[in-house]
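What follows is the residue order along each chain.
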Amino acid sequence: MRILLMGNPNVGKSVVFSRLTGTSVVVSNYPGTTVEFTKGTAKIGKKRVDVIDVPGTYTLEPTSRAEEVAVEMLEDGDVVINIVDATNLERNLYLTLQLLEKKVPVIVALNLSDEAKHKGITIDVKKLEKLLNVPVVPTVATTGEGIKKLVSRLSKAKAHAYKHTDEQRWEKIGKIIGDVQTVVHRHHTFRETLADATVKPITGIPVAIGIIALMFIVIIFIGEGLIAIFFDPAFEAYEPIAMKMSEALGSGGFLHNILIGNLINGGIEFTQSMGLLTTGIFVPFAMVLPYIFAFYLVLGFLEDSGYLPRLGVLADNGMHRVGMHGLGIVPMLLGLGCNVPGVLSSRILETRRQRFIALTLMGIAVPCMAQLAIIVGLVGPYGVGSLAIVFATLFVVWVVIGLLLNKVLAGESPEMFTEIPPYRMPYWRATLKKLWMRIRHFLTTAIPFVLLGVLLVNILYTLGIIDFIGDIASPVVVGLLGLPPAAAGALIIGLLRKDVAVGMLIPLGLSMQQLVVAAVVLAMYFPCVATFAVFIRELGIKDTVKSTLIMIVMAMLVGTILRFVLGG
Amino acid sequence: MRKLLVELKAGESGIVVDITGGFGFQRRLATLGIRIGKKVRMITAQPFRGPIVVGVGGGDVAIGRGMAMKVLVEVPE
């Protein structure tokens, strides 16, 4: 059996989902699209059933790809749990009525019923049940209230095949609302006052700057803390074991090089040795994972609290100049964690033109946590000033290319039209579940590529291919960028995974200026392979090639300019 | 008095009386609660022709200025 959770966005659908399902949750893409959905299993009675968290939709007359997917998924659902926001019954019932036209059994979860009470809204559930002629169960998903009852009444779900025109739907909704809902006027709560204040420019912009600054401080604090408290000691403890393995492998030879890598001054340097069992696991676990964890923890909190759409409103003006609208800030922020989910979330933008700009800007100038780890690893030792040069360069590139693309590409960006949800305390279980899914995604996609990268470096070195490529690329790498020919190897491996390239650049003994150039070029010239693959899915081959060409050309241009400006 | 949705002052409310634009546009606005007969309250308008935020039904909606120009509201004197 297959249960579909359907409802408007921001009604607590994922909270109901995490209440119903266990830990075996997978995120998949709907075939042929970049639209993601989450699937899990629930135990109902003695049976295991599939539960699918369908992308949020306001209507079954699809206005976006995500909504189209929602409609298609309806075809293979056995029961629909329609999650309805009790604080906004009228708008939510529109989807409910449409579902009741689809001959699929429906049960309604009247969620957020505690919030409705707070707002002075009373809903006569019995009457609503009678008027809709399907079971209606009030729930407070965050506390679990009503979920058991929802499950126990699942078998009573009822299918209808009503036929309504649009006008008839609204008419019917109006009647239902008049019959079941009473609203007592309440004064603005603190949360509502806060909601208004954070979207008004005078108060909202300083708050937004503060929140973003705080976000990065917290990420760095947690990331560094995890490294100092956990990952550094863990790898210190691991080092003697790795050395023993190195001795057992004879301290040299092909197999030793692949597994342990080069010994530096007779010992293992986790960042540079370039063995599968040294750098191959050190980079993803001890350099990138702590920041991935910290980043998604903070971002998940921001997402689930309802803040991001407000940031979108405040940023709308600026985002329009670079060819998007305010909500484009969401994929950009997500891309800071990993560009892959960043690309997937770009469907929040309606047109292809907007998505092309968003993806190109993301690929060029939004460094993911792995890239950030490299930038900090390479340039960090030279102090905040050098880091500032790298980030300021990326930011300027982001703005300039955005302005240019907006000028050059035909078409306009549509205006923003979105719901601004009320602030809600994130439900920790749903937020943690999302965090876990994102970390799992990082572990399963990044680690194979890191290992492959390390393996490839060793093979290419042994075969002399890296030196060969270095010779061919030297007009660009040496002539334009002012880097030693060996840096070409790092750029080649960077195609696969940027973080592996660090270990290849560190031993070259580059100057601060050269490191800045290398870090900027590495960040800009190409997204990693995994991101490239989702680019193709989202944009198609032709536009992906176009976007990549822009990246390569701009990377070389900016790298060359930086080189001469810095006088490296 | 009738005015455009964009012309409401912060805190001012009005009833939607007309929406110019095609059926698709009207339906799109309706999905977020902006329909003829509904009460809307201006929360804030972003400067430099940025979007406006209005309260409607149980929630808030951000809507671009161009779209909000097509919505006519009746404000009680």
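This structure is a prediction, so every number in the text was calculated from the model and none was measured.

This brings us to the overall build of chain B. The helix and strand tally for chain B stands at 2 helices and 6 strands. For 77 residues, the compact-globule estimate of 2.2 N^0.38 gives 11 Å, and chain B sits close to it at 11 Å. Overall, chain B is about 30 × 30 × 20 Å in size when its C-alpha atoms are taken along their principal axes. Residue burial in chain B is summarised as follows: out of 77 residues, 45% are buried. Of the contacts formed within chain B by residues at least 6 apart in sequence, a portion of 55% connects residues at least 24 apart.

A count of helices and strands for chain A gives 23 helices and 10 strands. Relative to the globule expectation of 24 Å for 568 residues, the C-alpha radius of gyration of chain A, 27 Å, shows essentially globular dimensions. Projecting the C-alpha coordinates of chain A onto the three principal axes gives extents of approximately 80 × 55 × 45 Å. Buried residues in chain A amount to 47% of all 568 residues. Put simply, 72% of the contacts in chain A that link residues at least 6 apart link residues at least 24 apart.

Our next topic: helix α1 (residues 13–20) of chain A. The element α1(A) is extensively covered by neighbouring structure, given that 8 of its 8 residues are classed as buried. A:K13, A:S14, A:V15, A:V16, A:F17, A:S18, A:R19 and A:L20 are the residues of α1(A) that are buried.

Taken together, the contact between chain B and chain A spans 24 residues of the former and 26 residues of the latter. Counting only elements with at least two residues in the side of chain B that touches chain A, the list comes to α1 (23–31), β3 (39–45), β5 (59–63) and α2 (65–68) of chain B. Here the side of chain B that touches chain A gets 5 residues from one element, more than from any other, and that element is β5(B).

Right, let's get into the sheet that holds β5(B). Strand order across the open sheet formed by 7 strands is β10(A)-β5(B)-β4(B)-β3(B)-β2(B)-β6(B)-β1(B), with antiparallel pairing between neighbours. Both outer strands of the open sheet, β10 (417–420) of chain A together with β1 (2–4) of chain B, are each paired with one neighbouring strand and no more. The sheet shows a mean angle of 40° between the axes of neighbouring strands, direction not considered. Where strand β2 (residues 13–19) of chain B and strand β6 (residues 71–74) of chain B come together, 4 bridges link them in antiparallel fashion. By the bridge assignment for β6(B), B:D18 is matched with B:L72.

Right, let's get into the nonpolar core. Generally speaking, nonpolar side chains in soluble globular proteins are found buried as a group. All names here are of chain A. Ranked by internal contacts, the top residues of the largest apolar core, which has 186 residues, are A518, A519, V520 and M524. Top element by residues in this core is helix α11 (residues 279–305). It accounts for 14 residues. There are two domains that each give this core at least three residues, and those are domain 1 (2–186) and domain 2 (201–566).

With that settled, the discussion passes to helix α19 (residues 465–480) of chain A. All names here are of chain A. A rise of 1.5 Å per residue sets the reference length of α19, with its 16 residues, at 22 Å; its end C-alpha atoms lie 22 Å apart and thus fit the reference within 8%. If you look at α19, its biggest bend is around 70°, right at A473, and the proline P475 turns up within four residues after that. Among all positions of α19, only I466, G470 and V477 are buried. Turning to α19, the residues buried within the fold contact α18 (428–462) and α20 (487–494). Directly beyond the C-terminal end of α19, a positive phi value near 70° is found at G482.

What follows concerns the packing of helix α16 (residues 369–379) of chain A against helix α22 (residues 512–524) of chain A. Residue and element names in this part refer to chain A. One way to put it is that α16 packs onto α22 with a least axis distance of 9 Å and a crossing angle of 175°. Classified by the angle their axes make, α16 and α22 are roughly antiparallel. Contacts from Q371, I374, I375, L378 and V379 of α16 reach α22 at L515, V516, A518, A519, L522 and A523. When grouped by side-chain class, the residues that make up the contact of α16 with α22 number 10 nonpolar, 1 polar and no charged.

What follows covers the confidence of the model for chain B. Residues and elements named next belong to chain B. Residues at a pLDDT of 70 or more form 100% of chain B, whose mean pLDDT is 92. For chain B, the element scoring lowest by mean pLDDT is α1, at 88; β6 scores highest, at 95. Under the prediction, the complex receives an ipTM of 0.95, its pTM being 0.88.

Attention now moves to the pairing of strand β5 (residues 79–85) of chain A. All names here are of chain A. Taken across its 7 residues, β5 has 6 buried, putting it largely inside the fold. Sheet topology places strand β1 (residues 2–7) next to β5; 5 bridges connect them, and they run parallel. Along β5, the bridge assignment pairs G7 with I83. In this fold, β5 hands off to helix α3 (residues 89–99), which returns the chain to strand β6 (residues 106–111); that crossover is right-handed.

Further remarks concern the domain arrangement of chain A. Residues and elements named next belong to chain A. Domains assigned within chain A are domain 1 (2–186) and domain 2 (201–566). Here the C-alpha centre of domain 2 lies 38 Å away from the C-alpha centre of domain 1. Each side of the interface is counted separately: domain 1 has 14 residues, and domain 2 has 13 residues. Going through the elements one at a time, α1 and α2 (65–74) are the ones with two or more residues in the side of domain 1 that touches domain 2. Sort the elements by how many residues they give to the side of domain 1 that touches domain 2 and α1 lands first, with 3 residues. Residues belonging to the side of domain 1 that touches domain 2 are distributed by class as follows: 6 nonpolar, 6 polar and 2 charged.

All names here are of chain A. Looking at chain direction, β1 and strand β4 (residues 47–53) are connected through 4 bridges and run parallel. Bridge assignment links R2 to a residue of β4, and that residue is D50. Two strands pair when backbone bridges link them, and strand β3 (residues 36–44) and β4 are joined in this way by 7 bridges, in the antiparallel orientation. Residue pairing across strands places A42 opposite V49, the latter belonging to β4. Taking the residues that link successive antiparallel strands as the turn, the β3-β4 hairpin has 2 residues, and the phi of G45 there is positive, at about 65°.

It is worth spelling out the packing of α16(A) against helix α21 (residues 498–505) of chain A at this point. Residues and elements named next belong to chain A. Where α16 meets α21, the axes come as close as 8 Å, and the angle between the chain directions of the two elements is 20°. Classified by the interaxial angle, the pair formed by α16 and α21 is roughly parallel. Seen from above, α16 lies across α21 with left-handed handedness. Contacts from A370, Q371, A373, I374, G377 and L378 in α16 reach K498, D499, A501, V502 and L505 in α21. A per-class count over the contact of α16 with α21 returns 7 nonpolar, 2 polar and 2 charged.

Here we take up unusual backbone geometry. Even without glycine at this site, A:N133 takes up a positive phi of about 60°. Judged by the 11 C-beta atoms lying within 10 Å of it, A:N133 is exposed. A positive phi angle is found at B:R49, which is not glycine, with a value near 60°. Here B:R49 is to be found in the loop between β3 and β4 (52–56). C-beta crowding within 10 Å serves as the criterion here: with 13 such atoms nearby, B:R49 is assigned to the partly exposed category.

Criteria and cut-off values
Residues numbered from 1 in each chain as written. Chains lettered and ligands numbered in written order. Predicted model: local features only at pLDDT ≥ 70, side-chain atom pairs only at ≥ 80, totals over all residues. Helix = DSSP H or I, 4+ residues; strand = E, 2+ residues; numbered from the N terminus. Rg over C-alpha atoms; globule rule 2.2 N^0.38 Å. Buried ≥ 20, exposed ≤ 12 C-beta atoms within 10 Å, placed from the backbone. Contact = placed C-beta atoms within 7 Å. Pairing = 2+ DSSP bridges. Axes fitted to C-alpha atoms, helices over the stretch in contact; angles between N-to-C directions. Core = buried A, V, L, I, M, F, W, Y, C linked by C-beta atoms within 7 Å. Domains from an automatic or database assignment. Expected span 1.5 Å × (residues − 1). Bend = angle between axes of the 7 residues up to and from the residue. Parallel < 35°, antiparallel > 145°, perpendicular 65-115°, else oblique. Nonpolar A, V, L, I, M, F, W, Y, C, P; charged D, E, K, R; others polar. pLDDT = per-residue confidence, 0-100. Right-handed = clockwise from strand over helix to strand, strands pointing away. Left-handed = near helix turned anticlockwise from the far one by under 90°.

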